[in-house]
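Analysis of the macromolecular model
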Amino acid sequence: MANFSRICVIGLGYIGLPTAVLFANQGVEVVGVDVNQEIVTAVNSGKAPNVEPQLDILLKSAIESKKLRATIRPEQASAFILAVPTPCDEKNFPDLTFLREAADSIAPFLNPSNLIVIESTIPIGTTEAIANRLAITRPDLIFPGRSNNMAQVNIAHSPERVLPGKIIQEFTSNDRVIGGMTPACSNLTAKLYRLATVGNLHQTNARTAEMVKLSENAYRDINIAFANELSLVASKLNVDVWEVIKLANQHPRVNILSPGPGVGGHCIPVDPWFIANSAPNETPLIQTARNINDNMPEKIVNRIIDMLPSLDSNICCLGLTYKGNVNDLRGSPAVRVIQLLINQVKGNIYVSEPYINTLPPTLSNEKRISLVNTKAAIDHSAVVVLLTDHQEFIDLRHQIPETKIRIDTRGVWAG
Ligand code: SAJ
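Small disclaimer: the values here were computed from a predicted structure and weren't measured.

Structural notes on the overall build of the protein
Along the backbone of the protein there are 15 helices and 13 strands. The C-alpha radius of gyration computed for the protein amounts to 23 Å, which stays within 12% of the reference 22 Å derived for 415 residues, consistent with globular compactness. Put simply, of all contacts in the protein between residues at least 6 apart along the chain, 70% involve residues at least 24 apart. For the protein, the accessible surface area stands at approximately 19,000 Å², while carbon and sulfur atoms represent 52% of it. Counting 37 positive and 39 negative side-chain charges, the protein places the averaged centre of each group 2 Å from the other.

Pasting the structure below:
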């Protein structure tokens, strides 16, 4: 078993922090690096910036055992895991600035026999591009891609696959794909992850691993788009889409996902573009799915307007985060619905969101939108719109007064 005396995890966000914490709890010395001093301070004091089951308690134990410490600069280590965001720009092209900066930041600390693993989701060919970049910065070291047999530094892509809300459980038990630039890189990466996961470790090359990850998220996006399209058809034809899906899913080979107000988060709305824009003429399905899901907030707003007693009616919106039981507002369709809605109605919008203390800047400038508790939001409104499927809101199913018009965009009050 290779000896990883110290691991340096670059990026302490949704993926990097749990990764650092889980390795530290296996007894490995971990240095967590983030450019944001507030995150570094929070982590060192044992406080996780994100809501994630079990993360707080595991972080505390990693800090108390001194196996994990956070800092703003990388240090020498035997393995470096890069877990920084890889967003899209406004034209839906990948913005790899953070990844390049992360690679540049570790370059001075690299030594022969080091391992670098990119966990961030990346366009096909990026692992090779990062290896080339490092080879230019560190001409004294031999990187894979140029002379594979002689390579001194090992580089692999091993994409994270964990579901926010279940990150700890999925990190430790999901299968992983490991795409090394050489078989030796894959072997070393497998040895690293074996320390913290019991899932199967499937070895392949870097380009394949890159495409596997993108395919997974594009697959989910396309399937959600199909469910959303069905919901639009059903509402035009006065059919209950939830009943249609429930019954269709009785078929042994059918498993339709759930329609909703759109697709949010930082992965599924972004990653399909990494495939689509690498071959625009070959990807009409992926692009159409993206557009269907992106247009859902507008369709939901039209549905709400149609059901309002009057444009002066007050509206209660339940939920702001991009999905249930998380505190993440990134790309949230609920936020988009409220943004579009306020421009079309004359009444107030009362928002209830148990995971957030203040409205995001995109909503806070509008005086007619306020963040209140659930009871007040419902009491002040004629219409109650469920936008995010938090458990607290699902439990309200039988508690909304009959006098209120309900609009359940997630199908959790059905039946
Ligand atoms: N959604 C629906 N209907 C559904 C399922 C989801 O409208 O039937 C919406 C959600 O409300 C949310 C969005 O889609 O707005 C995405 O939520 P999600 O739970 O499908 O996915 P994420 O973004 O939280 O996590 C995904 C996961 N990918 C897959 O399931 C293929 C996760 O495993 C990845 O690790 C993660 O992206 C990532 O980081 O790439």
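From this point on, the discussion continues.
Side note on the domain arrangement of the protein
You can read the domains of the protein as domain 1 (6-214) and domain 2 (240-408). Computed over C-alpha atoms, the centres of domain 1 and domain 2 are 33 Å apart. Taken together, the contact pairs 20 residues of domain 1 with 14 residues of domain 2. Between domain 1 and domain 2, a total of about 1,500 Å² is buried, with carbon and sulfur atoms accounting for 64% of that surface. A per-residue breakdown of the area domain 1 buries against domain 2 is headed by Y14, V51 and L214, which together make up 35% of the total. Joining domain 1 to domain 2, the criterion identifies three residue pairs in polar contact (both at pLDDT 80 or more). Grouping the amino acids of the side of domain 1 that touches domain 2 by side-chain chemistry returns 12 nonpolar, five polar and three charged.

Details of the sheet that holds strand 8 (residues 201-205)
One open sheet accounts for eight strands, arranged 3-2-1-4-5-6-7-8; its pairing is mixed. What marks the edges here is a single partner per strand, and that holds for strand 3 (68-71) and strand 8. Adjacent strand axes in the sheet meet at a mean angle of 25°, parallel and antiparallel pairs treated alike. Across four bridges, the pairing between strand 2 (residues 29-33) and strand 3 is parallel. Bridging across to strand 3, V31 finds its partner in R69. Each of strand 5 (115-118) and strand 6 (154-157) touches helix 5 (residues 126-137); the most contacted strand, strand 6, lies at about 155° to it.

Considering the pairing of strand 10 (residues 349-352)
Burial along strand 10 is two-sided: the face carrying I349 and V351 and the face carrying Y350 and S352 are both buried. As defined by bridge partners, strand 9 (residues 315-318) adjoins strand 10 across four bridges and the pair is classed as parallel. In the sheet register, L318 faces strand 10, and the bridge partner there is S352. Crossover connection from strand 9 via helix 12 (residues 333-342) to parallel strand 10: handedness right-handed. Here strand 10 pairs with strand 11 (residues 369-371) via three bridges, running parallel. By the bridge assignment, V351 is partnered in strand 11 with L371.

Considerations on the pattern of salt bridges
If you walk through the whole model with that rule in mind, you get 15 salt bridges. R6 is the partner of E75 in a salt bridge, and the nearest nitrogen-oxygen pair spans 3.5 Å. Of this pair, E75 sits in the loop between strand 3 and strand 4 (79-82) while R6 sits in strand 1 (residues 6-10), placing them 69 residues apart in sequence. When the shortest N-O distance is used, the salt bridge between R290 and D294 registers 2.9 Å. In this pair, R290 and D294 both sit in helix 11 (residues 284-307), four residues apart, roughly one turn of the helix. Counted as one network, the salt bridges with shared partners bring together R6, E29, R69 and E75.

Re the nonpolar core
In terms of nonpolar packing, the biggest core is built from 39 residues, with I7, F23, V43, L68 and L192 touching the most fellow members. Broken down by element, the residue count for this core peaks at six residues, all from helix 1 (residues 16-24). In terms of nonpolar packing, the next biggest core, distinct from the first, is built from 28 residues, V84, A102, A135 and A206 among them.

Some details on a nonpolar patch on the surface
There is a patch of nonpolar side chains on the surface, built from V233, L237, V239 and V244 and spanning about 340 Å² of accessible area. Positionally, L237 belongs in the loop between helix 8 (206-236) and helix 9 (241-248). Of the residues examined, L237 reaches a relative accessible area of 61% and is grouped as exposed.

Some points on the packing of helix 1 against helix 3 (residues 55-64)
The interhelical angle for the contact between helix 1 and helix 3, taken along N-to-C directions, is 50°, at an axis separation of 9 Å. It follows that helix 1 is oblique to helix 3 by the angle criterion. Crossing hand, helix 1 versus helix 3: left-handed. Across the interface between the two elements, L17, P18, V21, L22 and A24 from helix 1 touch L55, L58, L59 and A62 from helix 3. Residue classes in the contact of helix 1 with helix 3 are distributed as nine nonpolar, no polar and no charged.

A closer look at the packing of helix 11 against helix 12
The contact between helix 11 and helix 12 brings their axes to 9 Å, and the two run at 50°. With respect to their mutual orientation, helix 11 and helix 12 come out oblique. As helix 11 packs across helix 12, the resulting crossing turns out to be right-handed. Side by side, helix 11 and helix 12 meet where P297, E298, I300, V301, I304 and I305 of the first sit next to P333, R336, V337, L340 and L341 of the second.

What counts, and where the lines are drawn
- Residues numbered from 1 in each chain as written.
- Predicted model: local features only at pLDDT ≥ 70, side-chain atom pairs only at ≥ 80, totals over all residues.
- Heavy atoms only, no water.
- Helix = DSSP H or I, 4+ residues; strand = E, 2+ residues; numbered from the N terminus.
- Rg over C-alpha atoms; globule rule 2.2 N^0.38 Å.
- Contact = heavy atoms within 4.5 Å.
- Areas by Shrake-Rupley, 256 points an atom, 1.4 Å probe, with all protein chains shown as cover.
- Lys, Arg positive; Asp, Glu negative; His and termini not counted.
- Charge placed at Lys NZ, Arg CZ, Asp CG, Glu CD.
- Domains from an automatic or database assignment.
- Buried area = accessible area lost by both parts, 1.4 Å probe.
- Polar contact = N/O pair within 3.5 Å; in protein donor to acceptor, adjacent residues only side chain to side chain.
- Nonpolar A, V, L, I, M, F, W, Y, C, P; charged D, E, K, R; others polar.
- Pairing = 2+ DSSP bridges.
- Axes fitted to C-alpha atoms, helices over the stretch in contact; angles between N-to-C directions.
- Buried < 20%, exposed > 50% of the residue type's maximum accessible area, 1.4 Å probe, protein only.
- Right-handed = clockwise from strand over helix to strand, strands pointing away.
- Salt bridge = Lys/Arg side-chain N within 4 Å of Asp/Glu carboxyl O.
- Core = buried A, V, L, I, M, F, W, Y, C linked by side-chain atoms within 4.5 Å.
- Patch = residues over 30% accessible without salt bridge, like charges linked within 9 Å, V, L, I, M, F, W, Y side chains within 5 Å.
- Parallel < 35°, antiparallel > 145°, perpendicular 65-115°, else oblique.
- Left-handed = near helix turned anticlockwise from the far one by under 90°.

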